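# Results of the structural survey
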Amino acid sequence: MFRIENDLLGNLQIPSDAYYGIQTQRAIENFKISGARLQHYPEFIKALAYVKWAATETNFELGLLERLTRDAIVAAAKEVVEGKFDDQFIIDMVQGGAGTSTNMNINEVIANRALEILGYQKGEYQHCSPNDHVNLSQSTNDAYPTSIQLAIINTNHILIGHLENLIKSFRKKGEAFMGILKMGRTQLQDAVPMTMGQEFEAFAATLSEEVERLKQSSSLFYEINMGATAIGTGLNAVPGYAELCAQKLAEITGHPFVSSPNLIEATNDTGSYVTYSSALKRMAVKISKICNDLRLLASGPRTGFGELNLPAMQPGSSIMPGKVNPVIPEVMNQICFKVIGNDLTVTMASEAGQLQLNVMEPIMAYSIFESMALLANGMDTLALKCIDGITANEARSRQMVLQSIGIVTALNPYIGYKNSTKIAKEALETGKNVYDLVLEYNILSQEQIDEILNPDNMLGPKHFPKQETE
């Protein structure tokens, strides 16, 4: 069953039960690109509905809409916010037209649901029009970016929750491993002793910094351009609309939205997307580096570092019996590579803006939303299926410390540079370990060495014996 709708290009059949209309149908047919649909990002759909809700309340207060129409549109928008019509948003996230298809998708769904509330049939737009009523005092060029900004703000809050859970997992392991001595390394060479707990606490600390970065970057989205409308001159919006609409959106969502002081600049500038995407990239780079470390520390298990045991999640080979691979850090690495690539896409799309509008916003929105979804899922997987189940090979880690030339640096304040150099040189030439050579030359007792290398003494700066002066 179909109904017939028409636009400037002619007539088109629309499924009779569809809440979307002709412009959405054209977008469905035109943009079979990524397979990622608007319905895959429900926070974006909610944001679109919130913007239409705020715009409708603004138009009503300014005397541009009658009460019955206002009530029906707001009721329909609230239902969209509740997720009742997510299945009506099936257009591709990657689209031409600077987001017009997405804006019309929400306009048509809300209009047709409002028509039902008013007692009419879908498509009877003379009573409630997607353009004349739902899109009143707006264009795609202000409603679409404002919706993206609201969706990023809300999704960012969710993403930070996933990040904080991952940080907790690292911090918990840091506490559990604080008494385990191991060798620190620089440039993949032995450096000085540390504890495994210090290593994991450092992972937690570096990721904790990203919580504040994400909050700072997302705060740029509180400045919106509603009332712009097409290029920022405010044509087709009445005086006071921009400020009032920002106020209404703030009241509805609880976010401190304000109207941009220069709507022309705000309509063509996408710098906030670049900044936020860069924050996602920065976090991805850090997580990927950590995963590289985990894979290296767990390598072997007998011919590599072998300091850590990652949880065995699946057989690692179709030909090598007994092989288990670090599949969770590997998949997290790949997620991070995708996020880094998406950031480049956002950068290039922002640069490609011309004159009074950047028509590349759809790919920017898709790239950012995809990155956020991948990171959220990936961080949960990394925490649950890897970090929480990591165990330490304490004996092996300590043995590598004792065999390392690097421990001579920890002993240097106690035995002096001359003795340290002598011990290090002989250890390198003979293959003997530093620990045994110090005992052999009776420079320190075993009790003294063990006290120096006690994990508690690796946790921070400490006082050394005073050197005799001539």
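Our subject is the structure listed above.
Residues numbered from 1 in each chain as written. Predicted model: local features only at pLDDT ≥ 70, side-chain atom pairs only at ≥ 80, totals over all residues. Heavy atoms only, no water.

### Concerning the overall build of the chain
- The helix and strand inventory of the chain stands at 16 helices and 8 strands.
- Computed over its C-alpha atoms, the radius of gyration of the chain comes to 30 Å, more than 25% above the 23 Å expected for a compact globule of 470 residues.
- For the chain, the spread of C-alpha atoms along the principal axes amounts to about 100 × 60 × 35 Å.
- Counting across all 470 residues of the chain, residues that qualify as buried make up 51%.
- Put simply, of all contacts in the chain between residues at least 6 apart along the chain, 72% involve residues at least 24 apart.
- Carbon together with sulfur atoms contributes 52% to the accessible area of the chain, which is approximately 22,000 Å² in total. (Helix = DSSP H or I, 4+ residues; strand = E, 2+ residues; numbered from the N terminus. Rg over C-alpha atoms; globule rule 2.2 N^0.38 Å. Buried < 20%, exposed > 50% of the residue type's maximum accessible area, 1.4 Å probe, protein only. Contact = heavy atoms within 4.5 Å. Areas by Shrake-Rupley, 256 points an atom, 1.4 Å probe, with all protein chains shown as cover.)

### Concerning helix α1 (residues 22-30)
- Restricting attention to buried positions, one finds in α1 the residues Ile22, Thr24, Gln25, Arg26, Ala27 and Ile28.
- For α1, the secondary structure elements touched by its buried residues are β1 (2-7), β2 (10-15) and α4 (100-118).

### Some remarks on the pairing of strand β4 (residues 189-195)
- The sheet contact formed by strand β3 (residues 181-186) and β4 spans 5 bridges and is antiparallel. Along β4, the bridge assignment pairs Thr186 with Gln189.
- Counted along the chain from β3 to the antiparallel partner β4, the turn is 2 residues long, and its residue Gln187 has a positive phi close to 55°. (Pairing = 2+ DSSP bridges.)

### Let's talk about the pairing of β2
- Pairing of β1 with β2 involves 6 bridges; the strand directions are antiparallel. Looking at β2, one finds that Arg3 is bridged to Ile14.
- Turn length for the β1-β2 hairpin, with the two strands adjacent in sequence and antiparallel, is 2 residues.

### Looking at the nonpolar core
- The biggest cluster of nonpolar side chains holds 111 residues, and the ones touching the most others in it are Phe44, Leu159, Ile287, Phe369 and Leu375.
- Residue contributions to this core peak at 13 residues, all from helix α6 (residues 140-176).
- With residues near it in sequence (within four places) discarded, Leu375 still touches Leu159, Leu280, Met283, Ala284, Met332, Ile335 and Val339.
- Membership of the second largest hydrophobic core comes to 20 residues, among which are Met183, Ile407, Ala427 and Tyr435. (Core = buried A, V, L, I, M, F, W, Y, C linked by side-chain atoms within 4.5 Å.)

### Some points on the pattern of salt bridges
- Going through the model one piece at a time under the given rule, you end up with 23 salt bridges.
- The salt bridge partner of Arg282 is Glu210, with a shortest N-O separation of 2.9 Å. With Arg282 in helix α10 (residues 271-297) and Glu210 in helix α7 (residues 196-218), this pair connects stretches of sequence that are 72 residues apart.
- On the basis of relative accessibility, which here comes to 35%, the residue Arg282 falls in the partly exposed class.
- For Glu210, a relative accessible area of 0% gives the class buried.
- Linking Asp450 and Arg398 is a salt bridge whose minimum nitrogen-to-oxygen distance equals 3.9 Å. One end of the pair, Asp450, is in helix α16 (residues 446-452); the other, Arg398, is in helix α13 (residues 394-403), with 52 residues separating them in the sequence.
- When salt bridges with common partners are traced through the structure, they connect Glu79, Arg113, Glu116 and Lys122 into a single cluster. (Salt bridge = Lys/Arg side-chain N within 4 Å of Asp/Glu carboxyl O.)

### Regarding a nonpolar patch on the surface
- A cluster of nonpolar side chains, Leu62, Leu64 and Val238, forms an exposed patch at the surface whose accessible area comes to about 190 Å².
- Looking at where Leu62 falls in the secondary structure, it is placed in the loop between α2 (42-61) and α3 (67-81). (Patch = residues over 30% accessible without salt bridge, like charges linked within 9 Å, V, L, I, M, F, W, Y side chains within 5 Å.)

### Regarding the packing of α3 against α4
- Axis separation between α3 and α4 bottoms out at 8 Å; the angle between their running directions is 120°. The angle between the axes of α3 and α4 places the two elements in the oblique class. Viewed along their axes, α3 and α4 form a crossing whose handedness is right-handed. Each of Leu68, Ala72, Ile73, Ala75, Ala76, Ala77, Glu79 and Val80 in α3 lies in contact with α4, whose residues at this interface are Ile106, Val109, Ile110, Arg113, Ala114, Ile117 and Leu118. (Axes fitted to C-alpha atoms, helices over the stretch in contact; angles between N-to-C directions. Parallel < 35°, antiparallel > 145°, perpendicular 65-115°, else oblique. Left-handed = near helix turned anticlockwise from the far one by under 90°.)

### Remarks on the packing of aromatic side chains
- Summed over all chains, the structure comprises 13 aromatic pairs.
- Ring geometry for Tyr222 against Phe257: centres 5.9 Å apart, planes inclined by 75°, an arrangement best described as edge-to-face. Here Tyr222, found in the loop between α7 and β5 (223-224), pairs with Phe257, found in the loop between α8 (241-253) and β6 (258-259); they are 35 residues apart in sequence, far enough to count as distant.
- Classification of Tyr222 as partly exposed rests on a relative accessible area of 22%.
- Put simply, the rings of Tyr41, Phe44, Tyr144, Tyr366 and Phe369 touch in pairs and so form one group of aromatic residues.
- Cation over ring: Lys122 sits above Tyr19, and NZ or CZ is 4.5 Å from the ring centre.
- Sitting over the ring of Tyr441, Lys422 keeps its end group 4.2 Å from the ring centre. (Phe/Tyr/Trp six-rings, centres within 6.5 Å; stacked < 30°, edge-to-face > 60°. Lys NZ or Arg CZ within 6 Å of the ring centre and 35° of its normal.)

### Some points on unusual backbone geometry
- Thr229 follows Ala228 through a cis peptide bond whose omega is -25°.
- Residue position: Thr229 is located in the loop between β5 and α8.
- Here the bond from Gly300 into Pro301 is cis, since omega is 10°, no more than 30 degrees from zero.
- Structurally, the position occupied by Pro301 is in the loop between α10 and β7 (308-309).
- Although it is not a glycine, Ser137 adopts a positive phi angle of roughly 65°.
- You can call Ser137 buried: its relative accessible area is 5%.
- Of note in this structure, Leu355 is not a glycine but carries a positive phi near 55°.
- Its place among the elements puts Leu355 in the loop between α11 (327-351) and α12 (361-385).

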